[in-house]
Amino acid sequence: MQQIRSIQEMDIKLGERFQKVFTETWEHKKAGGLVCWSTSGGYNEFLRELGIRVVIPEVYGMVLSSTGMSPELCRNTDIYGYSPDLCSIIRSFSGFALSDPPMDPSTLPFGGFPKPDVLFCADYCPGLVKMWQEFARVFDIPMYVMEHPWVPDAVSADPEEMGNKVQECMTEFAGAISFFENFSGQKLAEDQLQKIANNMKEASVLWHDILAMNQNIPAPLSFFDVANQFAVFQFYKGTDECVQYYKELKAFVEDRVANTVTSIPEKYRVFWFGLPIGYRMAQHIEKFTRIQVQPVMSQWACYFGNPNMETNDPIRGIVQYHNLSTLQFRGVEWKRDYILKLIEDYKVDGIILEISRTCQVINFDQKDIAETLVKKTGLPMVSFEADLCDERLYSDEQFNNAVDSLVEMMERRGPGRL
Amino acid sequence: MNELMDKFNWVVKDTNAYLTRWKKQTGKKIMGCYPMYVPEEIIHAAGLLPVTIFAKDEPVTLADQHMHRYVCHVVRGNFDLSLKNRLDYLDGVVFTDFCLTVRMASSVWMVNNPQLFYHQIFTPQNMVGDQTPQSLTRQFVRLKKALEDYTGQEITQDALSKSIAIYQENRELLCQLYKLRQANPERFRARDIAMVVAAGMVMPKEEHSTLLAQLIEQAGALAPQQAEDKVRVIISGAFCDFPQPGLLNMIEDTGALVCDDDIFVGRRLFNTPTARDKEPIQALVERYLNDLPDPNKHNPDNEWVPYLVNLVKETKAQGIVMLVVKYCEAHQFDLPYLSKELTAAGIPILIIETNDSGATEQMRTRLQAFTEMLISRRD
Amino acid sequence: MITAGIDVGSATAKAVIFLNGKIQSHSLIATGADSIKAARRATDQAMEKAAVLPKEVDYIVSTGYGRVLVPFAHKNISEISCHAKGAVHFFPGTRTILDMGGQDCKVIRCDALGNVENFVMNEKCAAGTGRFMDVMAKTLELPLEDIGELSLNPVGIPPSVSSICVVFARTEILRFLRKGIPKSDILAGLLDALADRVYGLSCRVGTTPDFVITGGVAKNTGMVRRLESMVKMTASLPWEPQIVGAAGAAIFAKQILEKSSE
C-alpha cells in the first residue's frame, strides 16, 4: 500500500501560497506598482491583468482569527469607537489597517500587506462598504462601489427579474472594468477576461468535486480540513495557478478515498451549519477526534465557486459566478432546500448550529432554516454561540456542552445512517 | 390644540383599532410599508392605503423563536407584532433592501406570514453608480406593475401625479410645523411632534393634512413662551425607529430643548420634496437619490457631517443627541467618524444606543450630564 | 454656609456635609431596597457626625442613580458632573476621572474648575464594576476585600480569559477551578481582562494627568495597579474614593447658593 500523504502536506502548500501572495504584493508595491484592497465577493479578478495587485482584507481577517491576533486588534477598534456588535472580521483587519501609528507589518502573520492606492468594494455586505468609506477618507484615495443584488425567494422564482438582475450586474461589472482601465491607464484584452472566466469555471468544478468526495463513508477529510483550502480561491481566482492547485488537491483527496483514509475516526457524521471558528480550529479537531465525530460538510464550503457558470460570455459568466452561486445571498426557502439536499447527500447523523454573533449574513435566518431542517430530517441538533474572530464572544464551556449532548442524542438514536 | 393632539396620539397608540375601523368604513385594502424609503405614492395611486410598519414600545417575545437577539429591535419588534396578530389589518407588505437586516427580514416575514401579498424593491446602496437611476426606475416600475396585478387595475400617470401632489402638500405642511418649532421650541414637546409625524405615517395623508393645517393654525396663534434656562439640541438618527416617547421626554426633562431633528419619524420623512411637474416615476426616483444623507447610502457628494453641521448652525443648537438603534450596522459604523468630525467642528455629540428595553436610568444620567455640560459650556 | 451632597448609588448611599470649603463629615451605608430611606439615613449620619441640625443645612444636591428620588434635595445633578467637581476638590490638578461604581464604569475629562468636557460610560457591559467583582468573589468564595491583593500574586502564569461577559464569567471561573488553577491565578487572569476593557473605555476620551480613580472599585489594588501600568501614569486615589460624587454634589450646592446671592 502506498504511503498516504497527510493533510498537513496540503496545509503547508497552502501556507506557501499565502506567503507568496503577501511577499509578491510587497515587492510589487515597492517597485511602484498599484495595490487595491477589495472584497471577497469578487469581480476583482481582472485587476491583476491591469497591473494592480489585489489584497482581500476579509481573508486576512480569518488569518488573524486563526493566529489568535484578532482579540487584540478588535480591542483597537473598540478604542477607535467601533461597537463590538459589528462584524469581527472587519474589526480584526481594521484594527491593523487603521492603527495609528501604523503597526509594524513584520509583527503580523505573513508580514501583513501594504497600504492601498485604490479601493474596490462589491456591495454584498453593507458593513464592508462602510469600512471602505472610512479607508477612502483615511487614505484619501479613490473607491469604486459595485452594486451586488441579493436574490430573495421571490426573485429566485421569477426568471424575468432574475435575467434583469444579471443584466444590470453585467453593466455594473463593465463599468468597474472601465473605471480601473482609466485608473491604471491600461486596457484589458478581451481574451484575458475569457481566460479568467475559463479558469474560474474549471476551478469551481474541481472544488465542488472535492467537496462531493466527502459524501464517501468514511469521508476523506473533515470539514475543517476543507475549510482552510478555500483560501486559494480568494487570492488566485481566475489564474492558471488556482486551477493547478485544486487539481493537486483533488488528486490528493482521490488518493485518500481510494485508500479509505479519513482524518477523524468516523463513528458519527455531522453537518456544521455556520462558520468554522478559526481561533479554536485545533481544539475543535482534537475534540471531534476524541469523540469520533466527523463534521463532513458545511453550507459555508459551498459559498465558493459556481460550477454551473457559463463561459461563452466572460462578463456574464463572472457575474453568474459571484451573484448566482452564492448561497448566502438567497432567501430562506432557497437556502433551506439547498442545505436539506446537502444533509441528505452527505448522510449525516446530527447537526451543529454555530451562531456567529456579528455576522448577520449568516445568522439572520438561521433559526427558521434550522427548525425546518430538524422537522424534515428528524436529526438531532445543538447550537452554540460564537463569533468569527472576536473570541470574547465565545465560550469553550458552551461549545463542549453542546457537542457532548449532541453525542448523547446521536447515541440514543443509534448510528442509523452508517 | 389638545383635541388635535388627542387624535394624533390615539392613531399612533391604537393603530390597530384605528385602521380596523377605517377598513370597515372604506372597504379598502392596506399595504404595509417596511421602513424606510418605500415610494408610498405608487401604493396610494393604486387605491391602497400605505401604512408604515412600526415596532411598538414593548418587549419582543414571539419573534425570538425566529430571529436572534442580535438583530435590531425595529426588525424584531415589528415582526413580533405580526406574530402576535397585531398587524391583522395588513393585506400585504412592501419591502426595500437598503440595509442587510431589512433585506433579509423579507424572507423571514414571507415564510411566517404566508397570507400576505409581498413585494421587495431593490434600492441601490450606491447613489453615484452609472446606472443607479435606471436601475431604480426599473424597480419602481416593477412595483407599479406588481400592484396593478394585485388590484387588477391600471395605475394611470394621472393618478400618480395626483398622489404625488397629495403627499407633497403633506410634506409642505410638516415643513411649516417645523418652522414654527424652530422659532419657538418651547411651544412643543419633542414627543408631541413625533406623534404628529407618526400619525401621518398611519392615517390617509388627506385626512392628516386637514388636521395638520388646523394644528399649525392653532399653534401659530399661541403666544410665544418665555425661554427658560435651557439648551437647544437636535436629535438625530433613530433610523427606521419611532423613538420611545419616554426617551424623548427624558431628553427634555434634563433641561434640553429639542429645536429640530434629523430622525426618520421627523425631518427625514418630509425634508426632500417630490417634484410635481416631472414624469411621476422619475420624480420619485430623484427624490430617493437626492434625499438626506444616510449611512446606509453610499454618496461621497452628500456626506452626513456637513449636513449636520449646517443644521446645527441654522437652528442655533448647542449639541446633538444621536439616537442609535442597537445593531443598526451602517449607523454604528459611522459613529467614530461622526464623533471625530463633529467634535472637530466644535459640536458636542452624545450617543445613546436604544433597544426594546426602553429608556433606562443610565440614559437619564448621560443625558443629564450632557445637558449640564452644554450649560457649563454656554455660561 | 452649610451644604450637603447625597450620592444614592446602586450599592451604597453616601452623604457629605460641606462647611467652610471643607468636607466636614461623610457617611457611607448600603443602599438596600429602599433608596429614599437610605438617602435619609446617610444624610442623618453625616449631619450627626458634623454636629449639624437639618435646619442648618442651607442647600442639598442629590446625585447617583437614586438622585431623582431624594425628596429633601433642592436639586439633582448627574453623577458625571459631580464626580468631576468632587475630584478637582480632592486633587486640584485632576483632568481625567475614572469612576468604577457598583453597576457602571465611566471615564470623564474635565477642566481646571471641574467642568465636564467629555465623558464615556460603558453601555451594558459589567466590566470594571462592583457587580462583576461581587460575582468573582462569590464564585471563588473569597472576601471581596481580598481579591485585589490576591490577584497581584499569582503562583504561575495566569490563564488567558477571553470572555469577560458577566453572563459567561461564572462558568469560565468554574472551569478554571475544575482544572485546578489556583484562585490567585484565576483572579489575575480575570483582572487582566477586566482592566483591559476599562483601559479601552478610557482611550476613547484620552487620559491626561492628573488621573484620578474613584468609586468602590478604586479600593481594589489589583485593578488600580493594572490600570496604572496600562495608562503609564500613577493614579491619584482620594482618601475615601466612594464619597467623591457626594462631595461634588455638596460643592455644587455651595456654588448654586453663592450664585443666587450675587
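Residues numbered from 1 in each chain as written. Chains lettered and ligands numbered in written order. Predicted model: local features only at pLDDT ≥ 70, side-chain atom pairs only at ≥ 80, totals over all residues. Heavy atoms only, no water.

Engineer: For the side chain of Gln 168 of chain B, give the residues involved together with the corresponding values.
Structural biologist: Tracing the chain through its elements places Gln 168 of chain B in helix α7 (residues 157–183). With residues up to four places along the chain from it excluded, the contact list for Gln 168 of chain B reads Pro 273, Thr 274 and Arg 276 of chain B. (Helix = DSSP H or I, 4+ residues; strand = E, 2+ residues; numbered from the N terminus. Contact = heavy atoms within 4.5 Å.)

Engineer: Just give me the short version of the layout of surface pockets, but keep the residues and values in it.
Structural biologist: Estimates place the volume of the second largest pocket at around 880 Å³. Lining the second largest pocket are 28 residues, and of these Glu 372 and Ile 375 of chain B together with Lys 75, Ile 77 and Phe 252 of chain C sit closest to its centre. Those elements that place two or more of their residues in the lining of the second largest pocket are α15 (361–378) of chain B together with β5 (75–76), α2 (79–90) and α8 (244–261) of chain C. Looking at the lining of the second largest pocket element by element, the count peaks at eight residues for α15 of chain B. Across the lining of the second largest pocket, the residue classes break down as eight nonpolar, 10 polar and 10 charged. Both domain 1 (1–91 + 239–262) and domain 2 (93–237) of chain C contribute no fewer than three residues apiece to the lining of the second largest pocket. (1 Å grid on protein atoms, 1.4 Å probe; cavity = no way out; pocket = protein on both sides within 12 Å on 5 of 7 lines; lining within 4 Å. Points joined across faces, edges and corners; volume = space filled by probe spheres on them. Nonpolar A, V, L, I, M, F, W, Y, C, P; charged D, E, K, R; others polar. Domains from an automatic or database assignment.)

Engineer: Before we move on, can you summarise the pairing of strand β4 (residues 143–147) of chain A with the specific residues and values?
Structural biologist: Residue and element names in this part refer to chain A. Across the five residues that make up β4, a large majority, five, are buried. By the alternation rule, side chains of β4 split into Met 143, Val 145 and Glu 147 and Tyr 144 and Met 146, which are all buried. Sheet topology places strand β3 (residues 118–123) next to β4; five bridges connect them, and they run parallel. Paired with Phe 120 across the strands is Tyr 144, a residue of β4. (Buried < 20%, exposed > 50% of the residue type's maximum accessible area, 1.4 Å probe, protein only. Pairing = 2+ DSSP bridges.)

Engineer: Explain the interface of chain A and chain B to me, and be specific about the residues and the numbers.
Structural biologist: Tallying the contact residues gives 47 residues for chain A and 44 residues for chain B. Together, the buried faces of chain A and chain B total about 4400 Å²; carbon and sulfur atoms form 55% of this surface. Looking only at chain A, the three residues that lose the most surface to chain B are Lys 130, Phe 364 and Lys 367 of chain A, adding up to 18% of its buried area. Where chain A touches chain B, the interface holds six salt bridges. For the side of chain A that touches chain B, the secondary-structure elements that each account for two or more residues are α5 (126–139), β4, α6 (153–156), α7 (159–184), α14 (332–345), α15 (360–363) and α16 (366–377) of chain A. Counting residues per element, the side of chain A that touches chain B draws most heavily on α5 of chain A, at eight residues. A breakdown of the residues in the side of chain A that touches chain B according to their chemical character gives 18 nonpolar, 11 polar and 18 charged. (Buried area = accessible area lost by both parts, 1.4 Å probe. Salt bridge = Lys/Arg side-chain N within 4 Å of Asp/Glu carboxyl O.)

Engineer: An account of the packing of aromatic side chains is needed here, citing residue identities and associated values.
Structural biologist: Tallied over the full model, the rule gives 58 aromatic pairs over all chains. Each ring, one from Phe 18 of chain A and one from Phe 235 of chain A, has its centre 5.6 Å from the other, and the planes form 75°; the classification is edge-to-face. Placement of the pair is Phe 18 of chain A in helix α1 (residues 7–30) and Phe 235 of chain A in helix α10 (residues 231–236), with a sequence separation of 217 residues. As far as the burial class goes, Phe 18 of chain A and Phe 235 of chain A line up, both buried. Members of the aromatic cluster, connected to one another through ring pairs, are Phe 18, Phe 22, Trp 37, Tyr 60, Phe 93, Phe 96, Phe 110, Phe 113, Trp 132, Phe 135, Phe 139 and Phe 235 of chain A. Between Lys 297 of chain B and the ring centre of Tyr 288 of chain B, over which it is positioned, the NZ or CZ distance is 3.9 Å. The ring of Phe 72 of chain C is capped by Arg 40 of chain C, whose NZ or CZ atom sits 4.1 Å from the centre of that ring. (Phe/Tyr/Trp six-rings, centres within 6.5 Å; stacked < 30°, edge-to-face > 60°. Lys NZ or Arg CZ within 6 Å of the ring centre and 35° of its normal.)

Engineer: Can you explain helix α8 (residues 190–212) of chain A? Please cite residues and give values.
Structural biologist: Given a rise of 1.5 Å per residue, 23 residues ought to cover 33 Å, and the 33 Å separating the end C-alpha atoms of α8 of chain A matches this to within 8%. Listing the buried residues of α8 of chain A in full gives Leu 193, Ile 196, Ala 197, Asn 199, Met 200, Ala 203, Ser 204, Leu 206, Trp 207, His 208, Ile 210 and Leu 211 of chain A. (Expected span 1.5 Å × (residues − 1).)

Engineer: Residues and numbers for the packing of helix α12 (residues 281–291) of chain A against helix α17 (residues 396–413) of chain A, please.
Structural biologist: All names here are of chain A. Where α12 contacts α17, the axes come no closer than 12 Å and their chain directions differ by 25°. Here α12 is positioned roughly parallel relative to α17, judged by the angle of their axes. Both α12 and α17 take part in a crossing whose hand is right-handed. Packed against α12, whose contacting residues are His 284, Lys 287, Phe 288 and Ile 291, the element α17 presents Phe 399, Asn 400, Val 403, Asp 404 and Val 407 at the interface. Residue composition of the contact of α12 with α17, grouped by class: five nonpolar, two polar and two charged. (Axes fitted to C-alpha atoms, helices over the stretch in contact; angles between N-to-C directions. Parallel < 35°, antiparallel > 145°, perpendicular 65-115°, else oblique. Left-handed = near helix turned anticlockwise from the far one by under 90°.)

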